[in-house]
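# Fold and geometry: a report
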Amino acid sequence: MTVTIERAAPLLFDAAGKADFSFEVDAYLEPAFDTPVCEWQRITTEPYVKSYGKTDEDAGEWDEDSALFVAMLDDAPIGRLSVTRNWNGYGLLDHFGVDRPHRAAGIGSRLLDRAKGWAREQGLPGLSLETQNNNLTACRFYERQGFQLGGIDRFFYRGLHPGTREIALFWYLPFAPQI
């Protein structure tokens, strides 16, 4: 069983989106700038599984300012990641996920490495992404990969879910040392 990371066409990328990207939520983190994730206050909640809807709306959105990558196990897609030149010059990571049974095997790191390579080839200053304070595994992963918390938006999701405790977290990975 060999996993390969491939640059993908939109149809293969969409097929990879059918994987199980759900995750367990048992707490919300209270984010803090310049503080390791392991030191953020943890607010426990009744455990539940969070899953994003599977749609075919991704097709046709991609151009020369973006790249789609898919992790393949034999002939089956088991992960994906898109990177797009964002308005602020950074590469914006989106649609990032590894199929649940294949997590913790380095596939996410390999997908991210390909996105970093693409962004550097494009001359971008770094990468950015958004995740939530209830995706603890993702927050820890991004921190291990060198990302820094750059922004917090407590109201980002309240238009969709007025009572939510989800907070949008904006992470950045600058390629050049910061002054």
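The coordinates are above.
These notes cover the structure that comes with them.

Thresholds, definitions, all that
- Residues numbered from 1 in each chain as written.
- Predicted model: local features only at pLDDT ≥ 70, side-chain atom pairs only at ≥ 80, totals over all residues.
- Heavy atoms only, no water.
- Helix = DSSP H or I, 4+ residues; strand = E, 2+ residues; numbered from the N terminus.
- Buried < 20%, exposed > 50% of the residue type's maximum accessible area, 1.4 Å probe, protein only.
- Polar contact = N/O pair within 3.5 Å; in protein donor to acceptor, adjacent residues only side chain to side chain.
- Pairing = 2+ DSSP bridges.
- Axes fitted to C-alpha atoms, helices over the stretch in contact; angles between N-to-C directions.
- Contact = heavy atoms within 4.5 Å.
- Core = buried A, V, L, I, M, F, W, Y, C linked by side-chain atoms within 4.5 Å.

So, on to unusual backbone geometry. One non-glycine residue, Asp74, lies in positive phi territory at about 55°. Among the structural elements, Asp74 can be located in the loop between strand 4 (66-73) and strand 5 (76-85). Even without a glycine there, the phi angle at His95 is positive, about 50°. With respect to the secondary-structure elements, His95 resides in strand 6 (residues 91-98). Using a relative accessible area of 23% as the deciding quantity, one classes His95 as partly exposed.

Let's shift gears to the environment of Trp40. Mapped onto the elements, Trp40 comes out in the loop between strand 2 (23-30) and strand 3 (41-50). C-alpha separation for the pair Trp40 and Arg154, spaced 114 residues apart in sequence, amounts to 16 Å. At 3.1 Å, the side chain of Trp40 forms a polar contact with the backbone oxygen of Ala32. Looking at Trp40, its side chain comes within polar contact range of the main-chain oxygen of Thr35, at 3.0 Å.

Turning next to the sheet that holds strand 1 (residues 3-7). Taken in spatial order, the seven strands of this open sheet run 1-4-5-6-7-9-8, and their pairing is mixed. Each edge of the open sheet carries a strand with a single partner, namely strand 1 and strand 8 (148-153). Between one strand axis and the next, the sheet turns by 25° as a mean value, whatever way the strands run. Direction of pairing for strand 1 relative to strand 4: antiparallel, over a ladder of five bridges. Counted as the bridge partner of Thr4 is Met72 from strand 4. Together, strand 6, strand 7 (126-132) and strand 9 (168-174) form the strand contacts of helix 3 (residues 136-144), whose direction differs from that of strand 7 by roughly 160°.

One recurring pattern in soluble globular proteins is that nonpolar side chains are buried together. Within the largest apolar cluster, 35 residues are counted, with the highest numbers of intra-cluster contacts made by Trp40, Val83, Leu93, Leu111, Leu127, Phe147 and Trp171. Looking at this core, the element that brings in the most residues is helix 2 (residues 107-121), giving six residues. Counting residues in hydrophobic clusters, the runner-up holds six residues, among them Ala8, Phe13, Ala16 and Met72.

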